[in-house]
Amino acid sequence: MNSRGMTEQAFLVLTALADESRHGYGIVQEVERLSEGRVHLKIGTLYGVLDRLAAEELLSLDREEAHQGRLRRYYRLTDQGASALEAEAARLTETARYATERLRARHAGGTA
Amino acid sequence: MTTLEDRYRRVLRLLPAAYRAEREEEMVSAFLDGAGPDDENARPRWPEIAGVAALAVRIRLGGATPRSAAWGRTVRLTALIGLAFQATMSCVYLAQTLGVYGLLPLPFDETPIGDPASADRLWHVTRDLSSLLWIAAYVALVRGRPRVAKATAALGLTVYVLSGTEAAESFVLVVATLALLAGYHRDAPAHRHPGRLAALPLVAGAAVFLVMMMSTWAMTASSRSPEWPGTWVWVWSWLPPSGLFCLALLVACAVCLAAHLTGPRWRSPSVPLALAILTVPVTLARLSYLNPGSDQATDTMNAVTVAQAVALVLTGTILTVIGTRTLPARRTQRKPAIDVDDQRPA
């Protein structure tokens, strides 16, 4: 990942590909499900994210299929992508842990 | 092909042909998978169109190919030069503002600034201090903070438009701000310039301020003489912001041309193209100063303005030719990996 870190969209796309390879609209659906409807990727946005992640070798083309006469390309997570996702997930978990601890301390101290 | 598919394919024409050759089929497929049932009135929604437009900007100005990287550098350089000039002028405006409010002993005429503690005064102070926004935008850009630069430039442009200042002088600001918004996207390489470059507008602004003060004083003095308009009236056409930018651009264009002729080492597509882009708003701004008056002074100023516009158009054309010839070649288009035409239902 570049020095500017991973965006939420990139994180969700990589997460969507963590268990199986998916095609474009499959990724859109999975990202929407993972974010509980909060993030709906536009197709232009999705391909911008896919291009960037492919350029960083975090995902790659898995296979191509024709579905109802239309092209579907399936993308899969690379080993490098899995490592980047793992690192980002650990970072977010750590941040969430800090937040939880501080909130617990705040409630314990009776601060309004 | 359904109506919706046809309309979406038209939207995709915003993308470069080489990218479409690789991605169009799967993008159409993904879009149609998520679209509702087709009817004659179905069309892509605006957020989808905006998504494709943003992708088109990123690809055309990104670094995926040497050519798009060169265009990206061109647009970012356009923004940097435009903001550098506006920051320079902002330093001049701030010095003039200090004079108007009596904080600097400068020989300014009475300028309406509203009564103390009135809403009118607040508006004048806000407008006058908005120059700081352009300085902040330039410094932020030079120091590798494009997001801050974008926000402050957009705010500066809004205040400028609301202030009702000469609309023609805003052309450069509009072009520079658009270049800033388009050129500094997420995929653009982060670049932090040396700190001394951030101080450039202050030094240049001080020099311009001195020149303007002396010129204005000389012209005002000569206007009171019986020999008015005299031989120096042509100077007026160089004193507005677009006149000064015209002068700076013509000098920069001459240096750029000389460097290009010196040898291949100094040849780059981005510098001549950025300068050529900036000649357009400056030419339009200069032409807005043409005045239908018929006295000798007006005739002289009109002649100088036309000469400025002609010089800008000429140099802009030459730089465009040089820049486009120096651009890396277009990438060869690739066909999609599998041909789906045979499998598409009729």
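Draft legend 1. Structural view of the environment of leucine 278 of chain B. Residue and element names in this part refer to chain B. Relative to the elements of secondary structure, leucine 278 occurs in helix 12 (residues 270-287). In this structure, the C-alpha to C-alpha distance between leucine 278 and leucine 312, residues 34 residues apart in sequence, is 9.5 Å. Dropping the residues within four chain positions of it, leucine 278 is found in contact with Thr78, Ile81, Gly82, Val172, Val175 and Leu249.

Draft legend 2. Main features of helix 4 (residues 66-100) of chain B. Here helix 4 of chain B contains 35 residues, and its C-alpha end-to-end distance of 50 Å stays within 8% of the 51 Å for a straight helix at 1.5 Å per residue. The buried count for helix 4 of chain B comes to 27 of 35 residues, which makes it a mostly enclosed element.

Draft legend 3. Layout of the interface of chain B and chain A. Contacts between chain B and chain A engage 26 residues on the former and 18 residues on the latter. At the level of elements, helix 2 (17-34) and helix 3 (46-61) of chain B are the ones that each hand at least two residues to the side of chain B that touches chain A. In terms of residues, the side of chain B that touches chain A owes the most to one element, helix 2 of chain B, which gives 11 residues. Looking at the side of chain B that touches chain A residue by residue, the classes come out as 14 nonpolar, 4 polar and 8 charged.

Draft legend 4. Layout of the pairing of strand 2 (residues 59-67) of chain A. All names here are of chain A. In this structure, strand 2 lies alongside strand 3 (residues 70-77), joined through 8 bridges in antiparallel fashion. For arginine 63, the partnering residue across the bridge sits in strand 3 and is tyrosine 74. Here strand 2 hands over to strand 3 after 2 residues, with glutamine 68 in that stretch at a positive phi of 50°.

Draft legend 5. A look at the domain arrangement of chain B. Residues and elements named next belong to chain B. Domain annotation for chain B reports domain 1 (48-199) and domain 2 (225-328). Each of domain 1 and domain 2 has a C-alpha centre, and these two points are 21 Å apart. Listed as interface residues are 16 residues of domain 1 and, on the opposing side, 18 residues of domain 2. Counting only elements with at least two residues in the side of domain 1 that touches domain 2, the list comes to helix 4 and helix 8 (171-183). No other element matches helix 4, which puts 11 residues into the side of domain 1 that touches domain 2. Of the residues that constitute the side of domain 1 that touches domain 2, the class distribution is 10 nonpolar, 3 polar and 3 charged.

Draft legend 6. A look at the confidence of the model for chain B. All names here are of chain B. The pLDDT averaged across chain B works out to 83; a share of 87% of its residues lies at or above 70. Mean pLDDT across the secondary structure elements of chain B bottoms out at helix 5 (residues 119-129), with 76, and peaks at helix 12, with 94. In this model residues 333-346 is a low-confidence stretch, pLDDT under 50, and it forms 25 contacts with partners more than four residues away in sequence or in other chains. Across the interface, the model reports ipTM at 0.87; the global pTM reads 0.77.

Draft legend 7. Region of the structure containing the nonpolar core. One finds Leu83, Ala137, Tyr138 and Leu275 of chain B to be the most contacted residues of the largest nonpolar core, which totals 57 residues. The element that contributes the greatest number of residues to this core is helix 4 of chain B, accounting for 16 residues. Lining this core are residues from two domains, each supplying at least three of them: domain 1 (48-199) and domain 2 (225-328) of chain B. When near neighbours in sequence (up to four residues on either side) are disregarded, tyrosine 138 of chain B contacts Leu83, Ala84, Ala87 and Pro201 of chain B. Of all hydrophobic cores here, the second largest spans 38 residues; its members include Val13, Leu59 and Leu77 of chain A together with Leu4 of chain B.

Cut-offs and rules
Residues numbered from 1 in each chain as written. Chains lettered and ligands numbered in written order. Predicted model: local features only at pLDDT ≥ 70, side-chain atom pairs only at ≥ 80, totals over all residues. Helix = DSSP H or I, 4+ residues; strand = E, 2+ residues; numbered from the N terminus. Contact = placed C-beta atoms within 7 Å. Expected span 1.5 Å × (residues − 1). Buried ≥ 20, exposed ≤ 12 C-beta atoms within 10 Å, placed from the backbone. Nonpolar A, V, L, I, M, F, W, Y, C, P; charged D, E, K, R; others polar. Pairing = 2+ DSSP bridges. Domains from an automatic or database assignment. pLDDT = per-residue confidence, 0-100. Core = buried A, V, L, I, M, F, W, Y, C linked by C-beta atoms within 7 Å.

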